[in-house]
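Now for the letters of each chain:
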Amino acid sequence: MARLILSMDGLVLKEIPLNKEQITIGRRPNNDIQIDNLAISGEHARIVTILNDSFLEDLNSTNGTLVNGQAITRHVLKNNDAVELGKYKLKFMSETAVGGFDNAAQLRAAGLSTSPEPERTFAATQIMIPRPVASPPPIPRATIRLLNGPNAGKALELTKPLTTLGKPGVQVAVISRRSEGVFVTHVEGQKFPMVNSGEIGGEAFLLRDKDVVEIAGIRMELSIRN
């Protein structure tokens, strides 16, 4: 399930699962995500989720909505997109990669585009026979063991799908457990987290058993069990 990570000035405030078809964002209390700040309009934006795709739409807000630093009206969200609403940031994290469709076509499919779609004709009707749906692979279990600092030697089992680690204002990252594996993703901070002494960059990084992760100066060894 896709999620949003709400932060301000490097401080992670909350994690919001996109478990509804439509989620509204704004200053008024009737919004699903209420941000009580004068820079946010009463009804600022909304996110529509259809199957594995999520679509962000600005609701004619006063100060606008930015995605990765660019002003948008409508946008198909992709993994690691950073939505900016004033001083607040919403990082979009999805376990499913966006398919190879163009942005405009996906917006039309979600009913969010006002551009007319060209007429199409079909030579024959195709009957789609559903295939059996295989059970998804299990989500791996993971434990981190601290290697330095005052709590060196202590172990912590990661029980949540998303675990936020780091120091607000310095460096924050998220470790996510998915059916595809265990990933670490940079959220805030000028420097990226390190895995086995190498920077991971801005994309979700697949971790392996016994990898050593460093976040905000704290080194930890990861143990992964299926």
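Residues numbered from 1 in each chain as written. Predicted model: local features only at pLDDT ≥ 70, side-chain atom pairs only at ≥ 80, totals over all residues. Heavy atoms only, no water.

Draft legend 1. Quick peek at the sheet that holds strand 13 (residues 155-158). Spatially, six strands are ordered 13-12-21-20-17-18 in an open sheet, and the strand pairing comes out antiparallel. Every other strand in the sheet has two partners, leaving strand 13 and strand 18 (198-199) as the edge strands with one partner each. Judged from the four bridges that link them, strand 12 (residues 141-146) and strand 13 form a sheet pairing that is antiparallel. Its bridge partner lying in strand 13, T143 is registered against E157. (Pairing = 2+ DSSP bridges. Helix = DSSP H or I, 4+ residues; strand = E, 2+ residues; numbered from the N terminus.)

Draft legend 2. Up close: the pattern of salt bridges. In total, this model carries seven salt bridges according to the counting rule given. Linking K20 and D32 is a salt bridge whose minimum nitrogen-to-oxygen distance equals 2.6 Å. Here K20 is found in the loop between strand 2 (11-17) and strand 3 (22-26), whereas its partner D32 is found in the loop between strand 3 and strand 4 (33-34), with 12 residues between them in sequence. For K20, a relative accessible area of 41% gives the class partly exposed. Accessibility expressed as a relative area gives 39% for D32, which makes it partly exposed. Two residues, R28 and E43, come together in a salt bridge whose shortest N-O distance is 3.9 Å. You can see R28 sitting in the loop between strand 3 and strand 4 and its partner E43 sitting in the loop between strand 4 and strand 5 (45-50), a full 15 residues away along the chain. Each member of the salt-bridge network shares a partner with another, and the members are R46, E57 and R74. (Salt bridge = Lys/Arg side-chain N within 4 Å of Asp/Glu carboxyl O. Buried < 20%, exposed > 50% of the residue type's maximum accessible area, 1.4 Å probe, protein only.)

Draft legend 3. Looking closely at the nonpolar core. Counting residues in hydrophobic clusters, the biggest one holds 21 residues, and the most contacted among them are L4, I35, L56 and L90. Those elements giving two or more residues to this core turn out to be strand 1 (3-8), strand 3, strand 5, strand 10 (82-85) and strand 11 (88-93). Top element by residues in this core is strand 11. It accounts for three residues. When sequence neighbours within four positions are dropped, the list of residues in contact with L90 reads L4, I5, L6, I16, I25, D81, A82, V83 and L85. (Core = buried A, V, L, I, M, F, W, Y, C linked by side-chain atoms within 4.5 Å. Contact = heavy atoms within 4.5 Å.)

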